[in-house]
Amino acid sequence: IKLTEKYFEVWNTHDVSWIQALHAATSTLTDWDGSHGPTNIEVASSIEGVWKAVPEVHIEIVNISTMEDKTNTCVANIKMIVDATTTMKVCDVIDYDESGRVVALNAHKTD
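Please read these numbers as outputs of a predicted model, since none were measured by experiment.

**Student:** Pulling in residues and values, what's your account of the environment of Asp92?
**Tutor:** Its location among the elements puts Asp92 in strand S5 (residues 86-96). Classification of Asp92 by relative accessible area gives buried; the value is 5%. Separated by 63 residues in sequence, Asp92 and Leu29 have C-alpha atoms that sit 10.0 Å apart. Excluding residues within four positions of it along the chain, Asp92 makes contact with Phe8, Cys74, Val75, Ala76, Ile78, Leu105, Asn106 and Ala107.

Given below as structure tokens:
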């Protein structure tokens, strides 16, 4: 859970190199716009694209849980605040490797 809290803290800084460092060298991000990867460079670039398109965007954590049978997986329900009038509810399923880096992030709109 701490890794996931840190991930969103970093995400909210809009720091490309820092977000890239949190992803394993081989990693993917899949959301409603498509799939990004297969490296942390492409993943970070796609996240940077969001930040550039919507400079005010930030994330608030609603709750985070772990999956009993998958100790390296967290499920995070978040609010993506796009701007003063637009908010999206999102569920992120995040898989970590043994070193604590993200290997897969699957984001699903929930509203």
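The rest of the description comes next.
**Student:** I'd like to hear about the nonpolar core, residue by residue, with values.
**Tutor:** Within the largest apolar cluster, 26 residues are counted, with the highest numbers of intra-cluster contacts made by Tyr7, Phe8, Trp11, Ile19, Ile47, Met80 and Leu105. When contributions to this core are tallied by element, the ones reaching two or more residues are helix H1 (2-11), helix H2 (16-22), helix H3 (40-53), strand S3 (58-67), strand S4 (70-83), S5 and strand S6 (102-109). Take this core: its biggest share by element is 5 residues, from S4. Residues within four places of Trp11 in sequence aside, it is in contact with Ile19, Ile47, Val50, Trp51, Val57, His58, Ile59 and Met80.

**Student:** So what about the pattern of salt bridges? Which residues, and what values?
**Tutor:** Going through the model one piece at a time under the given rule, you end up with 4 salt bridges. Glu5 is the partner of Lys2 in a salt bridge, and the nearest nitrogen-oxygen pair spans 3.7 Å. You can see Lys2 and its partner Glu5 sitting in helix H1, 3 residues apart, about one turn around the helix.

**Student:** Before we move on, could you go through the sheet that holds S5 and cite the residues and values that matter?
**Tutor:** With mixed pairing, 6 strands are arranged side by side in an open sheet as S2-S1-S6-S5-S4-S3. Every interior strand has two partners, whereas the edge strands, strand S2 (34-36) and S3, have only one. When the angles between neighbouring strand axes are averaged without regard to direction, this sheet yields 20°. When S4 meets S5, the two strands line up antiparallel, connected through 10 bridges. Bridged to Asn77 within S5 is Cys91.

**Student:** Tell me about the packing of aromatic side chains, residues and numbers included.
**Tutor:** For any pair of aromatic rings, the description rests on two quantities: the centre-to-centre distance and the angle between the ring planes. Following the criterion strictly, the structure yields 2 aromatic pairs and no others. Here the aromatic rings of Trp11 and Trp51 are separated by 5.6 Å at their centres, their planes lie at 75°, and the arrangement is edge-to-face. Of this pair, Trp11 sits in helix H1 while Trp51 is found in helix H3, placing the two residues 40 residues apart along the sequence. As far as the burial class goes, Trp11 and Trp51 line up, both buried.

**Student:** Any chance you could break down unusual backbone geometry for me, citing the residues and the numbers?
**Tutor:** That bond from Gly37 to Pro38 is cis: its omega, 15°, falls within 30 degrees of zero. Tracing the chain through its elements places Pro38 in the loop between S2 and H3.

About the cut-offs
- Residues numbered from 1 in each chain as written.
- Predicted model: local features only at pLDDT ≥ 70, side-chain atom pairs only at ≥ 80, totals over all residues.
- Heavy atoms only, no water.
- Helix = DSSP H or I, 4+ residues; strand = E, 2+ residues; numbered from the N terminus.
- Buried < 20%, exposed > 50% of the residue type's maximum accessible area, 1.4 Å probe, protein only.
- Contact = heavy atoms within 4.5 Å.
- Core = buried A, V, L, I, M, F, W, Y, C linked by side-chain atoms within 4.5 Å.
- Salt bridge = Lys/Arg side-chain N within 4 Å of Asp/Glu carboxyl O.
- Pairing = 2+ DSSP bridges.
- Axes fitted to C-alpha atoms, helices over the stretch in contact; angles between N-to-C directions.
- Phe/Tyr/Trp six-rings, centres within 6.5 Å; stacked < 30°, edge-to-face > 60°.

Structural measurements only, silent on function.
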